[in-house]
Amino acid sequence: MRLLLVEDDPMIGKAVLQGLTRAGFCVDWVTDGRAAELSIANNVYQTVVLDLGLPRQDGLAVLSAARARHNQVPVLIATARDAVADRIAGLNAGADDYLIKPYDLDEMIARVRALLRRRAGGARPLLECGLLRVDPVARTVRLADQPVDLSAREFSILEVLMQRPGAVLSRQCLEDSVYGWSSEIGSNAIEVHLHNLRKKLGAERIKNVRGVGYCIAEG
Amino acid sequence: MFAAWGIASPKADMGSIRRHLLVRLTLALAAGGLLLGFATYEFTRQEMTDVFDEQLKQLAVSVRTHYRGEVSSVPAQPGTAADLEDSGLVTQIWTLDKSRVFLSFPGADIPWVATQGYHTVESRQGEWRVYAERSPTHLIQAAQLMAARDDLALDTAVEILLPNLAATLAMIALLLAYALRRGLAPLTQTSTDIGQRSASSLEPIASETLPAELKPLVEAINALMARLALALSAQRRFTADAAHELRTPLTALRLQVQLLEKATDPTMHEEAMADIRRGLERSSHLVDQLLELARLAPDATDRPSGSVDLAQLVRSVVADFSALARTRQIDLGAEVEPMAPGFGFLLGDGQHLRVLLNNLVDNALRYTPRGGRVDVALRATVDTLTLDVADSGPGIPSTERERVFDRFYRGTTAHGIHGTTLGSGLGLSIVKEVAQRHSARIDLTDGIASPDGTRGLTFRLTFKSQKSNFVASAQ
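Overview of the structure. (Residues numbered from 1 in each chain as written. Chains lettered and ligands numbered in written order. Predicted model: local features only at pLDDT ≥ 70, side-chain atom pairs only at ≥ 80, totals over all residues.)

1. Considering the overall build of chain B
Test applied: Only DSSP runs of H or I with at least four residues qualify as helices, and only runs of E with at least two residues qualify as strands; both kinds are numbered from the N terminus onward. Working definition of burial: number of other C-beta atoms within 10 Å of the residue's own, with buried at 20 or more, exposed at 12 or fewer, and partly exposed in between, all C-beta atoms being placed from the backbone. With C-beta atoms placed from the backbone, a contact is any residue pair whose C-beta atoms sit within 7 Å.
Scanning chain B from N- to C-terminus turns up 10 helices and 12 strands. When burial is assessed residue by residue, chain B has 27% of its 475 residues classed as buried. For chain B, restricting intrachain contacts to residue pairs at least 6 apart in sequence, the fraction spanning at least 24 positions comes to 64%.

And the structure:
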């Protein structure tokens, strides 16, 4: 899951970045409003964690601009502005959730997961498809109730695919979802991970639509 | 009575105004009443003298008319001591050869006075008022003791005055109490008005309808409350700003501690600890700056101002920061123009000016990259003193220069050039506050240009040469 963190305070930013990374997210971090606007426009993030008091461009303006361009990315506002009026303004500008500083790292991660869940159209914390069951919090996978051992990358790719069973995702799209700016990607890294996944889960579970991409087989 | 007046001495506790007024007015009125009583007595005595004299004359005439040479024909009976006590009236008949024929009160000693008319004579019993009436054969005297007369006059006066005086005084006391309560009602009303206020309601008290004595007091209180309201709202704004701003370092600390808890290997643990240390440093720096600013708050007690040697101050602050500048490889220096004796001195608060200079130099060092340069310069013209702190940092775009003095403003490039403590965003508010106190103007201009194209930044403080600001000599 690739997230965009928008936070101008270097200490908070660094800590959140580390926390989210350890929770298995792939995080890109920008520190001002303009950079946030450009990054969101790339449309590669599953969720945006947005501070409001930003240099160059206020967070609310960034959010409003994104929504005006019909960008649907889930946005979690994380700010020190705690007044009810601010919270209302934030949600009305198109935020999906609102978190007030100082917040708890685990709570913020849980809220990010909740946004991702809702976005996938389900309220259940587990992603399920047929005999395959993925737990994004514990980062475990069970196939027919038997645990399957996956690498972090493999898990991330599977998680993205499981968000929308049946939807065909291109190699580029999977790469964008799984790798951040700082990651080094080999030319066929995704293929290697997919190959391993199919070996561990059974080739029939992840389908390859030639020339288009991959999807999780429904049912 | 003197003790009562003594309360008026200004040092004494005033107690209740109403009670004091009541006591003093009652005493004054009582004194007046006594004077009135004495006057009444004197007047009564005068008036009664005529009446008594007339009575004496009639008594003497009546004895002469009835006296036929026998004592039995005298209408007056021999008197008793009680008679003398009571009315003090005595009659006495003499033959013309000075032999006494009749004396109504045997013990009385009234001398022979032969002339027709009124006399006042002295005897063993005291002073007598005597009327002498002559017939061809006899001298008839009617006499009265003056003391008895005075007693009678006093009795009469007391009889008239006492009930009236008591009733009058009681009435006056009641009326006074009522009048005082009514008269002091605005005072009571005002104190109720003020008493009902909560600590936060600082609206002025209505003063239009108040009496002239109370108006200045209430208006003074209103002016005080207006100042309080201003200070209170400034304080509230400051507290809100401060609470809001403390959240950022606290959020960082909280997150850093959580990361430490989750750290699984020694390297992560070490890094998390280092982050926490920096987070704590930043928090305490912010708290220090907040305290500094609170001390400068508009209503903080004014510190005594004296003559400050700005040149000496510049050298001292630059020396203080030289070690820090060396570790950051920044060339920090002071340029103090040689000045005429007396220049470079400023009437102000040395402690505050040091805080101002500390903040400007700290700020410049914070945003100037390694290998950069910071100059602190003091120059004097005929009517100004100019203090420049120039750096070769990234500078601030002219569009943002207005905002740098806002509390908690941090520039877009405000973080961590030297990987050290972050600025609190308060330093320049402190600078502004101190500058305002010294009526100094602050200008932001470009600073020292550096080879990589940045323009740097200069803070220029211009102290005006008001007579009150400059001190003529070094003393």
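Now that the structure has been shown, the text picks up again.
2. Some words on the interface of chain B and chain A
The criterion, for reference: Only Asp, Glu, Lys and Arg are considered charged in this grouping, and only Ala, Val, Leu, Ile, Met, Phe, Trp, Tyr, Cys and Pro are considered nonpolar; every other residue, Gly among them, is considered polar.
In this complex, chain B contributes 19 residues to the contact, which on the side of chain A involves 18 residues. Counting only elements with at least two residues in the side of chain B that touches chain A, the list comes to helix 6 (215-262) and helix 7 (266-295) of chain B. With 12 residues, helix 6 of chain B is the largest single contributor of residues to the side of chain B that touches chain A. Its residues assigned to classes, the side of chain B that touches chain A comprises 4 nonpolar, 9 polar and 6 charged.

3. Some details on the nonpolar core
What counts is decided by this rule: In this description, a nonpolar core means buried residues of the types Ala, Val, Leu, Ile, Met, Phe, Trp, Tyr and Cys, linked to one another by C-beta atoms lying within 7 Å.
A:Leu3, A:Leu5, A:Val6 and A:Leu50 are the most contacted members of the largest nonpolar core, which totals 61 residues. For this core, the element with the highest residue contribution is helix 1 (residues 10-22) of chain A, accounting for 6 residues. Apart from residues lying up to four places away in sequence, A:Leu3 is in contact with A:Leu20, A:Phe25, A:Val27, A:Tyr45, A:Gln46, A:Thr47, A:Val49 and A:Val112. Residues B:Phe345, B:Leu356, B:Val404 and B:Val434 belong to the second largest nonpolar core, which totals 49 residues.

4. A look at the packing of helix 1 of chain A against helix 7 of chain B
Formally: As a rule, the C-alpha atoms of each element are fitted with a line to give its axis, helices using only the stretch in contact, and angles between N-to-C directions run from 0 to 180 degrees. For classification, angles of less than 35 degrees are called roughly parallel, those exceeding 145 degrees roughly antiparallel, those between 65 and 115 degrees roughly perpendicular, and all remaining angles oblique. Crossings are sorted by hand: turned counterclockwise from the far helix by less than a right angle, the near helix makes the crossing left-handed, and turned clockwise it makes it right-handed.
It is at 11 Å that the axes of helix 1 of chain A and helix 7 of chain B come closest, and there the two elements cross at 150 degrees. As the angle between them shows, helix 1 of chain A and helix 7 of chain B are arranged roughly antiparallel. Helix 7 of chain B is crossed by helix 1 of chain A, and the crossing has left-handed handedness. The residues of helix 7 of chain B that touch helix 1 of chain A, namely those facing A:Met11, A:Lys14 and A:Ala15, are B:Asp275, B:Arg278, B:Gly279 and B:Arg282. For the contact of helix 1 of chain A with helix 7 of chain B, a count of residues per class yields 2 nonpolar, 1 polar and 4 charged.

5. Section: the environment of B:Thr454
You can see B:Thr454 is positioned in the loop between strand 11 (440-445) and strand 12 (457-464). Spatially, the C-alpha atoms of B:Thr454 and B:Ser392 are 7.3 Å apart, while their sequence positions differ by 62 residues.

6. A word on the pairing of strand 3 (residues 47-50) of chain A
Residues and elements named next belong to chain A. Our working rule: Being paired, for any two strands, means DSSP has found at least two bridges between them. When the strands point away from the viewer and the connection leading from the first strand across the helix to the second strand turns clockwise, the crossover is called right-handed.
Side chains of strand 3 alternate between two faces, with Thr47 and Val49 and Val48 and Leu50 buried alike. With 4 bridges connecting them, strand 1 (residues 2-6) and strand 3 associate as parallel partners. Of the residues in strand 3, the one forming a bridge with Leu5 is Val49. The pairing of strand 3 with strand 4 (residues 75-79) spans 3 bridges and is classified as parallel. Bridge pairing in strand 4 links Leu50 to Ile77. A crossover connection joins strand 3 to the parallel strand 4 through helix 3 (residues 59-68); in handedness this β-α-β unit is right-handed.

7. Things to note about the sheet that holds strand 3 (residues 117-123) of chain B
Residue and element names in this part refer to chain B. Within the open sheet, the 5 strands sit side by side as 2-1-5-4-3. Their pairing is antiparallel. In this open sheet, the two strands that pair with only one neighbour each are strand 2 (100-103) and strand 3. Averaged over all neighbouring strand pairs, the angle between strand axes comes to 25 degrees, with direction disregarded. Relative to strand 2, strand 1 (residues 89-95) runs antiparallel, the two sharing 3 bridges. When the bridges of strand 2 are listed, Gln92 appears paired with Leu103. Helix 2 (residues 17-66) contacts strand 1, strand 3, strand 4 (126-134) and strand 5 (138-145) of the sheet and is inclined by roughly 150 degrees relative to strand 5. Across the face of the sheet, helix 4 (residues 146-183) comes into contact with strand 4 and strand 5 while running at roughly 105 degrees to strand 4.

8. So, helix 10 (residues 427-437) of chain B
Residue and element names in this part refer to chain B. Counting buried positions over the 11 residues of helix 10 gives 8, a clear majority of the element. All of the buried residues along helix 10 are Gly427, Leu428, Ser429, Ile430, Val431, Glu433, Val434 and Ala435. Taken together, the buried residues of helix 10 touch helix 7, helix 9 (350-367), strand 11 and strand 12. Ser439 occupies a position one or two residues after helix 10 and carries a positive phi of about 50 degrees.

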